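Residue-level structural notes
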Amino acid sequence: PRLLSQFFYADERVSRVVAEINGLDAEMDPQQYLVLLNQLHLSQSQLLAVLERIMEECIPTQRHSRDYLVKFPEELLVDNLGNHVLFAAECLLAGAFVELEEPESAQLRPQARKLLCSLELVRAVLREQSLSQPGAYPEAVRAVLVQFDRLFAEFELSYVSALVAVKSPEEIYRQQEIIVLFCETVERALRLGYLTQEMIDGYEPLLMFTIPRLAIISGLLIYPEGPLSLEQTPEQMSRVFSPFYNLLKKIRSEAVGESPGLGWLWVLTRCPCHRDLLRVLSAEELALLERSLCTAE
C-alpha cells in the first residue's frame, strides 16, 4: 500500500519497456515497435499517476499553481494531458515533433530538456528512497519533487500555449459572465415554474435543450447589456457565442416581431428601467415565448 513501493514497480515497468524499445530495430519490426510504444505510454501514465499521488502526500502546500489550466480549451482538459505533455517533451528532444513549427520547437527544447532531466532525478531519488525507507520523505526528496512540479507546470503552459490559442483573461471573464447568465436563467425558470428541481436532480435530458434556449432569450431580451449584448461586436463577445452573432440577431428580431405584443420587448430593452417595464407590460408574451421553448423539440 505504500506509495513509494507502488512507484518502484511502476518505474520498473517503464524501464523494462524502454529497454525493449532500445533493443528493437523499428524498421525490421514496425508492428512490434508500435506495440511497445503503446506499452510505454501506458506505463508512463501509471508512473505519473503514482508520482502525482506522492506529491499530494509529500508536498501538498508547495505545489506549483495550476490556475493557468482555466486558459486551456476544454477539450484539452483530460486525464491523460500530463502524459501527452511528457511525450511531447521526449519528442522535442528527439527532434521528431511534427505538431509545432521549428521556431516554437527550438524555444521549447531547453524547457523540455530541464523537465526530463528533473524527471530522471526524481525517479532515481524515489527509487533509492523506496529501497531504503519506503515510508519516509526526507528534505532532499521533497526538494527534487518541488523542482519537478514547477518545471512540469512551466513546460505544460508553454507547450499548450504554442500548440493552441489559450484563453485570454478577457475571454475567461466573458465565459464567467455566461456561467452567471445560465445560473440566473435556471433560478428564474425554477421561480416561474418552467422547470422543477426534480428535473434538475434527475438530469432530465430535455434540460440540455431547454436551459440554453432560455439563457439565450434571457441574454437577448432580459439582460441585454450582459454577455450576449448585440451592441458589441462579435470580437467583443465570448468565443462560445461569437460565431453565432448573426444568428443571435435573427433570433432577437424574430422574437420581438412575430407576436403583436412582443414588439414592446425591443423598446423595453432600450429603456433604462426595461426590467420593471418588461414585467409590467410584456409578462404574458414573454411567458408564452419561454414556455414554448421549454416544450419544443
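Everything numeric in this text was worked out from a predicted model, so none of it was measured.

1. Description of the overall build of the protein chain
Looking only at helices and strands, one finds twelve helices and zero strands in the protein chain. Secondary structure of the protein chain in N-to-C order comes out as α-α-α-α-α-α-α-α-α-α-α-α. Counting the 297 residues in the protein chain, one finds 39% classified as buried. Nonlocal contacts in the protein chain, meaning residues at least 24 apart in sequence, comprise 71% of its contacts between residues at least 6 apart. Summing over all exposed atoms, the protein chain offers an accessible surface of approximately 17,100 Å²; the carbon and sulfur share of this is 57%.

2. Comments concerning the nonpolar core
Core analysis: the biggest nonpolar cluster contains 44 residues, and L51, I54, L126, L145, F148, F155 and Y159 have the highest contact counts within it. In terms of residues, this core owes the most to one element, helix α5 (residues 139–163), which gives ten residues. When sequence neighbours within four positions are dropped, the list of residues in contact with I54 reads L3, L4, F7, I59, L126, Y137 and L145.

3. As for a nonpolar patch on the surface
Side chains of L206, M208 and F209 sit close together on the surface and give an oily, nonpolar patch of about 330 Å² of accessible area. By the secondary structure assignment, M208 is in helix α8 (residues 207–222). Here M208 falls in the exposed class, since its relative accessible area comes to 64%.

4. Some remarks on the packing of aromatic side chains
One pass over the structure, following the stated rule, counts four aromatic pairs. Ring centres 5.6 Å apart and planes at 55° place the aromatic pair Y68 and F72 in the tilted group. Of the two residues examined, Y68 and F72, each falls in the buried class. Ring plane angle 55° and centroid distance 5.7 Å describe the contact between F148 and F152, whose orientation is recorded as tilted. With F148 and F152 both in helix α5 and four residues apart, the pair spans about one turn of that helix. Comparing F148 with F152, the two get one shared label, buried.

5. Observations concerning the packing of helix α3 (residues 81–94) against α5
For the pair α3 and α5, the least separation of the axes is 10 Å and the interaxial angle reads 80°. Classified by the angle their axes make, α3 and α5 are roughly perpendicular. Contact residues: L81, G82, H84, V85, A88, A89 and L92 in α3; F152, F155, E156 and Y159 in α5. Each residue belonging to the contact of α3 with α5 can be placed in one class, and the counts come to eight nonpolar, two polar and one charged.

6. Quick notes on the pattern of salt bridges
Under the criterion given, the structure shown has ten salt bridges. Linked through salt bridges whose partners overlap, the residues forming this network are D11, E12, E120, R123 and R127.

Calculation criteria
Positions within a chain are numbered from 1, following the residues in the order the chain's sequence is written. In keeping with the predicted nature of the model, local features appear solely for residues at pLDDT of at least 70, side-chain atom pairs appear and are counted solely at 80 or more, and the whole-chain, interface and lining totals rest on all residues. Note: side-chain values were computed over all heavy atoms of the structure, leaving out hydrogens and water. Numbering goes from the N terminus for both helices and strands, where a helix is a DSSP run of H or I of at least four residues and a strand is a run of E of at least two. A 1.4 Å probe rolled over the protein chains alone gives each residue an accessible area, and that area as a share of the maximum for its type sets the label: buried under 20%, exposed over 50%, partly exposed in between. Contacts are residue-level and defined by heavy atoms, with any inter-residue pair within 4.5 Å sufficient. Surface accessibility in these figures is a Shrake-Rupley result with a 1.4 Å probe; residues are shielded only by whichever protein chains are displayed. Among buried residues, the Ala, Val, Leu, Ile, Met, Phe, Trp, Tyr and Cys ones that are joined through side-chain atoms within 4.5 Å form a nonpolar core. Patch membership needs two things, relative accessible area over 30% and no salt bridge, and members are linked within 9 Å if like-charged or within 5 Å if nonpolar (Val, Leu, Ile, Met, Phe, Trp, Tyr). A pair is scored as a salt bridge if a Lys or Arg side-chain nitrogen falls within 4 Å of a carboxyl oxygen belonging to Asp or Glu. Centre distance within 6.5 Å is the pairing criterion for rings of Phe, Tyr and Trp, where only the six-membered ring of Trp is used; planes under 30 degrees apart are then read as stacked, over 60 as edge-to-face, and the remainder as tilted. In this description, a line fitted to the C-alpha atoms serves as the axis of each element, helices being fitted only across the stretch in contact, and the angle between N-to-C directions of two axes falls anywhere from 0 to 180 degrees. Should an angle fall under 35 degrees it is called roughly parallel, over 145 degrees roughly antiparallel, and 65 to 115 degrees roughly perpendicular, with every other angle called oblique. Here the term charged refers only to Asp, Glu, Lys and Arg, the term nonpolar to Ala, Val, Leu, Ile, Met, Phe, Trp, Tyr, Cys and Pro, and the term polar to all other amino acids, Gly among them.

Keep in mind these values describe shape, not function.
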